[in-house]
Amino acid sequence: SAVTALPQTGTPYIDTAVPTLVYNTYNLDPLWHKDIAANRILLLEPSHFAKYPVSTNVMNFMIALSANIKGIQVFTGEFTDLQHLPDAQDMVFKAHPAFSHYIGKGENYDYMFPDVSGYFNSFSAYWKKCQKHLS
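Residues numbered from 1 in each chain as written. Predicted model: local features only at pLDDT ≥ 70, side-chain atom pairs only at ≥ 80, totals over all residues. Heavy atoms only, no water.

K.L.:
Explain the packing of aromatic side chains to me, using residue names and the numbers behind them.
P.N.:
Under the counting rule described, the total for this entry stands at 9 aromatic pairs. For the ring pair F79 and Y102, a centre distance of 4.6 Å and an interplane angle of 15° mean the geometry is stacked. Residue F79 is found in helix α3 (residues 79-83), and its partner Y102 is found in the loop between β4 (91-94) and β5 (105-107); the two are separated by 23 residues along the sequence. The exposure classification of F79 matches that of Y102, with both residues buried. Here F99 and Y102 contribute two aromatic rings whose centre-to-centre distance is 5.3 Å and whose plane-to-plane angle is 40°, an arrangement assigned as tilted. A relative accessible area of 6% means that Y102 is categorised as buried. Members of the aromatic cluster, each reached through a chain of ring pairs, are Y26, F79, F93, F99 and Y102. (Phe/Tyr/Trp six-rings, centres within 6.5 Å; stacked < 30°, edge-to-face > 60°. Helix = DSSP H or I, 4+ residues; strand = E, 2+ residues; numbered from the N terminus. Buried < 20%, exposed > 50% of the residue type's maximum accessible area, 1.4 Å probe, protein only.)

K.L.:
Describe unusual backbone geometry, with residues and values.
P.N.:
The phi angle of most residues is negative, glycine excepted, and most peptide bonds adopt the trans form. Of note in this structure, H33 is not a glycine but carries a positive phi near 50°. Tracing the chain through its elements places H33 in the loop between β1 (20-23) and β2 (39-44). For H33, a relative accessible area of 30% puts it in the partly exposed group.

K.L.:
Please give an account of the environment of I14 that cites residues and values.
P.N.:
Relative to the helices and strands, I14 resides in the segment before β1. With a relative accessible area of 6%, I14 lands in the buried category. Between the C-alpha atom of I14 and that of I41, which follows or precedes it by 27 residues, the distance is 9.4 Å.

K.L.:
Before we move on, could you go through the pattern of salt bridges and cite the residues and values that matter?
P.N.:
Proximity of charged atoms lets side chains of opposite charge pair with each other. Scanning the entire structure with this criterion turns up 3 salt bridges. Across the pair D35 and K34 runs a salt bridge whose closest N-O atoms are separated by 3.4 Å. Given a relative accessible area of 69%, D35 falls into the exposed group. For K34, a relative accessible area of 51% translates into the label exposed. The salt bridge partner of E107 is K105, with a shortest N-O separation of 3.3 Å. Residue classification places E107 among the buried positions, given a relative accessible area of 15%. (Salt bridge = Lys/Arg side-chain N within 4 Å of Asp/Glu carboxyl O.)

Here's what the structure looks like:
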């Protein structure tokens, strides 16, 4: 079975005066809370990649993308490892079903078409509804 090569990382520096924003492979948004001072950590969990492996090229691409996030620190470890750092507090993240074990403040994703909801049996059916909201 495929194994994801994860980078070896040190312990991230945590400033207790500001919140900790936890990024992952599903959230690499450089605009997310860009105007606030925060600890910004890209969390790469071995348990996640054991279940959902990615190639070295994909991992390198994600890490390269994260460089667009000012002050990002890459951390290979579990969420609990991050949570148990002495200065860790006020964890904020974007809520996603793949990361339901995160503890803290889960925020919603920004949707391109927030007025379009429901079940669609195909992308085409979904896209037809979305197109009505394009200006």
